[in-house]
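A closer look at the structure
One-letter residues, chain by chain:
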Amino acid sequence: MNPPGNRPPKPDWKGLSAQAGDVLGPEFWQDIASIIPLTGPRIDMYETPQEMVVVAEVPGLSSPEQIQLSFRDQSLLMRGMLVRPYQVLDEQMRLSERFFGAFERVIRLPGRALTEQMRAQYHNGLLIIRIPLTPPDGEKVIPIQFT
């Protein structure tokens, strides 16, 4: 069990990826990507003491109508359409790692998120969403009454 207030350690995905590549060969991740394709934009999310930041790769957007952000049930919903900027048939593709098409991503937010103060900015193919956080309360002790 982890000490109160501490998060469990995160898996070392980069190390696992490198080990799998060493054992299974350099084409392993490309082969996996063709079997299990990406179903939406790639997303990074990080937290500072003041805010949660979501960074999504959504290249080629030219208007706000191509993407929609909303909030429901403590989750950020991102919907949109990424159009392939070149006209080719799927049969012509020899390697396809980028995602194109309609997508919907649901990102669970912490209970400390101040959702009414969220703001988003699109620049150079990245959608950056900033969600302020309330200060952490810390651990609260619950009194126990003995009778």
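In the block above lies the structure referred to throughout.
The following paragraphs examine the structure supplied in this document. (Residues numbered from 1 in each chain as written. Predicted model: local features only at pLDDT ≥ 70, side-chain atom pairs only at ≥ 80, totals over all residues. Heavy atoms only, no water.)

This part covers the overall build of the chain. Assigned secondary structure in the chain consists of two helices and seven strands. When the helices and strands of the chain are placed in sequence order, the string is α-α-β-β-β-β-β-β-β. For the chain, buried positions account for 22% of its 147 residues. Contacts spanning at least 24 positions in sequence make up 52% of the contacts within the chain whose residues lie at least 6 apart. On the chain, roughly 11,500 Å² of surface is accessible, and the fraction owed to carbon and sulfur atoms is 55%. (Helix = DSSP H or I, 4+ residues; strand = E, 2+ residues; numbered from the N terminus. Buried < 20%, exposed > 50% of the residue type's maximum accessible area, 1.4 Å probe, protein only. Contact = heavy atoms within 4.5 Å. Areas by Shrake-Rupley, 256 points an atom, 1.4 Å probe, with all protein chains shown as cover.)

Once that is clear, we can look at the nonpolar core. Nonpolar side chains tend to gather and get buried jointly when the protein is soluble and globular. Counting residues in each nonpolar core, the largest one holds 18 residues, and the members touching the most others are Val58, Ile67, Met78, Phe103, Leu127, Ile129 and Ile131. Those elements that place two or more of their residues in this core are β2 (51-57), β4 (75-82), β5 (101-108) and β7 (126-132). Once residues within four sequence positions are removed from consideration, valine 58 is found in contact with Pro41, Ile67, Leu82, Phe103, Tyr122, Gly125 and Leu127. (Core = buried A, V, L, I, M, F, W, Y, C linked by side-chain atoms within 4.5 Å.)

Ordered in space as β3-β4-β5, the three strands form an open sheet in which the pairing is antiparallel. Each of the sheet's edge strands pairs with one partner strand only, and the pair in question is β3 (67-72) and β5. Averaged over neighbouring strand pairs, the angle between their axes works out to 15° when direction is ignored. Examined bridge by bridge, β4 and β5 share eight bridges and lie antiparallel to one another. Looking across to β5, one finds that leucine 82 is bridged to glycine 101. (Pairing = 2+ DSSP bridges. Axes fitted to C-alpha atoms, helices over the stretch in contact; angles between N-to-C directions.)

As far as function goes, none of this settles anything; it's purely spatial.
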